[in-house]
Amino acid sequence: WKPGRQTVLCLRRAQFRKDIEELRARTRFNWVTISATQAKHCEDRWVAPQYRDQTYFTQYLDGRCRHLKSGLESFGYHFLKAAMEIHPVDVVMAGNTDYWQDDAIKLGCRKLGIPFLVLARENYTKPSDAKRLMQRFIDSKFRFSGTGVAVFAKETRDVMVGSGSFAETAVWVTGAPRFDRWLEVGPVLSKERIFMTFLSYADPIYLAQDNFAASLKIFAEAAK
């Protein structure tokens, strides 16, 4: 943290950390972080497991969970006030638009007049993902209550705006900060053997268990 700069308080999560690192190196803002998981553990005491539902929880707070809203707003308010005793906070930024545990922070931001921004760490470029996410936004009647969202590609913006859950003026295509350092990498001029690291995402949750082996086979055949 450096005095004289505006401060962005980031709710730190995996992947999102990489974007913050690049923004910290390339912009004249203070990028202060706190673990999103720590804040969530506080909220777990009040929100029953069956209601901890990503995307849907925003509407729950105006329906079946309305009895929790004032308490969560109070938590968000005092959470931010405590943070501001350490550093002034001009903006709060998260890595997801619809995580249930962020709703309390959004409510606190609204009460304090602090903008709540999202640098979306997910990018819906696969048609199957785009269709699934758009339907989830529609089914949950989700409405983004923050100030603005930055996304990596037009496809993600199309999903958000097309679902009706986000105002058209609130979603901006910026690209991915985590890739910015590659702008400074020049061509490899060495004639030495080049090594490649191949990363697997074979967990069934990604719906592509065979993709790693198939892709590795193609690279191996090309290398021969």
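In the block above lies the structure referred to throughout.
Now for a look at the structure at hand. Everything quoted here is computed from the prediction, not taken from an experiment. Residue numbers run consecutively from 1 along every chain, following the written order of its sequence. The predicted origin of the model limits local features to residues at a pLDDT of at least 70 and limits the giving and counting of side-chain atom pairs to 80 or more, whereas totals for whole chains, interfaces and linings rest on all residues. Hydrogens are left out, water is left out, and the side-chain values use all remaining heavy atoms of the structure.

1. Description of empty space enclosed by the protein
Move 1: Here a cavity is any set of points on a 1 Å grid over the protein atoms alone where a 1.4 Å probe fits but cannot get out, and a pocket is any open set with protein on both sides within 12 Å along at least 5 of 7 lines; a residue lines the site when it has an atom within 4 Å of a point. Grid points are joined across faces, edges and corners, and a volume is the space filled by probe spheres set on the points. Under the defined criterion, the tally for this structure stands at two cavities of 30 Å³ or more.
Move 2: Around the largest cavity, the lining residues are Q54, G95, N96, T97, D98, A120, R121, E122 and Y124.
Move 3: Throughout this entry, Asp, Glu, Lys and Arg are counted as charged residues, while Ala, Val, Leu, Ile, Met, Phe, Trp, Tyr, Cys and Pro are counted as nonpolar. The remaining residues, Gly among them, count as polar. By residue class, the composition of the lining of the largest cavity is two nonpolar, four polar and three charged.
Move 4: Taken as a whole, the second largest cavity holds about 30 Å³ of empty space.
Move 5: Along the walls of the second largest cavity sit L11, R13, A36, A39, E43, Q101, D102 and I105, which together make up its complete lining.
Move 6: Helix and strand definitions here come from DSSP, where helices need a minimum of 4 consecutive H or I residues and strands a minimum of 2 consecutive E residues; each element is numbered from the N-terminal end. Considering every element that reaches the lining of the second largest cavity, the biggest residue donor is helix α2 (residues 36–44), with three residues.
Move 7: Residues that form the lining of the second largest cavity fall into these classes: four nonpolar, one polar and three charged.

2. Here's the deal with the packing of α2 against helix α4 (residues 66–86)
Move 1: Running from N to C, α2 and α4 cross one another at 145 degrees; their axes reach a closest spacing of 11 Å. When you trace α2 past α4, the crossing you get is right-handed. Contacts from A39, C42 and E43 in α2 reach L72, F75 and F79 in α4.
Move 2: Of the residues in the contact of α2 with α4, the class split is five nonpolar, no polar and one charged. Axis definition: a line fitted to C-alpha atoms, over the contacting stretch in the case of helices. Angles run 0 to 180 degrees between N-to-C directions. Crossings are sorted by hand: turned counterclockwise from the far helix by less than a right angle, the near helix makes the crossing left-handed, and turned clockwise it makes it right-handed. Residue contacts are counted whenever heavy atoms from the two residues lie within 4.5 Å of one another.

3. Topic: the sheet that holds strand β6 (residues 171–173)
Two orientations exist for strands paired in a sheet by backbone hydrogen bonds: parallel and antiparallel.
Move 1: What the six strands build is an open sheet, ordered β2-β1-β3-β4-β5-β6; its pairing is parallel. Looking along the sheet, the strands with just one partner apiece sit at the ends: β2 (30–35) and β6. Put simply, the sheet's adjacent strands are angled 25 degrees from each other on average, direction ignored.
Move 2: In the sheet, strand β5 (residues 148–151) pairs with β6 via three bridges, with the strands oriented parallel. Directly across from V151, in β6, lies its bridge partner V173. Any two strands with at least two DSSP-identified bridges between them are counted as paired.

4. Considerations on helix α6 (residues 127–140)
Along an α-helix, residues three or four positions apart point the same way, because every turn accommodates 3.6 residues.
Move 1: Multiplying one less than the number of residues by 1.5 Å gives the expected span of a helix. An ideal rise of 1.5 Å per residue puts 20 Å on 14 residues; α6 measures up with 20 Å between its terminal C-alpha atoms.
Move 2: When a residue's accessible area, from a 1.4 Å probe over protein chains only, is under 20% of the maximum for its type it is buried; when over 50% it is exposed; and in between it is partly exposed. Among the residues of α6, those classed as buried are D129, A130, L133, F137 and S140. Each buried residue of α6 lies within a common arc of 120 degrees when the element is viewed along its axis, so the set occupies one face. Along α6, exposed side chains directed more than 90 degrees from the buried face belong to P127 and K131.
Move 3: Looking at the buried side of α6, the elements it contacts are α3 (57–60) and α7 (154–162).
Move 4: Of the residues trailing α6, K141 is marked for its positive phi of about 55 degrees. Directions are taken from the helix axis to each C-beta atom, and the arc is the one they span.

5. Focus: the nonpolar core
Move 1: Membership of the largest hydrophobic core comes to 40 residues, with the highest contact counts inside it found for V92, I105, V149 and M160.
Move 2: Looking at which element gives the most residues to this core, the answer is α4, with six residues.
Move 3: With residues near it in sequence (within four places) discarded, V149 still touches T97, V118, A120, F144, M160, F166, A170, V171 and W172.
Move 4: What we call a nonpolar core is a set of buried Ala, Val, Leu, Ile, Met, Phe, Trp, Tyr and Cys residues that are connected through their side-chain atoms within 4.5 Å. Judged by nonpolar contacts, the second largest core, of twelve residues, contains C10, L23, V91 and F152.

6. So, the packing of aromatic side chains
Move 1: What counts as a ring pair is set by centres within 6.5 Å for rings of Phe, Tyr and Trp (its six-membered ring), and what kind of pair is set by the plane angle: stacked under 30 degrees, edge-to-face over 60, tilted for all other angles. Counted by the stated rule, this structure contains eleven aromatic pairs.
Move 2: Seen from their ring centres, F75 and F79 are 5.9 Å apart, and the 40 degrees between their planes marks the pair as tilted. On the criterion of helical spacing, the pair formed by F75 and F79 is a turn pair, its members being four residues apart in helix α4.
Move 3: A relative accessible area of 13% places F75 in the buried class.
Move 4: Each residue in the set Y51, Y56, F57, Y60 and W100 is aromatic and connected to the rest through ring pairs, giving one cluster.

7. Quick look at the pairing of β5
Side-chain direction in a regular strand flips from residue to residue, so the side chains alternate between the two faces of the sheet.
Move 1: Of the two faces of β5, the one carrying G148 and A150 and the one carrying V149 and V151 are both buried.
Move 2: A clockwise course of the path from the first strand over the helix to the second, judged with the strands pointing away from the viewer, identifies a crossover as right-handed. Between the parallel elements strand β4 (residues 116–119) and β5, the chain passes through α6 in a crossover that is right-handed.
Move 3: Where the polypeptide runs from β5 across α7 and back to β6, its parallel neighbour, the crossover connection is right-handed.

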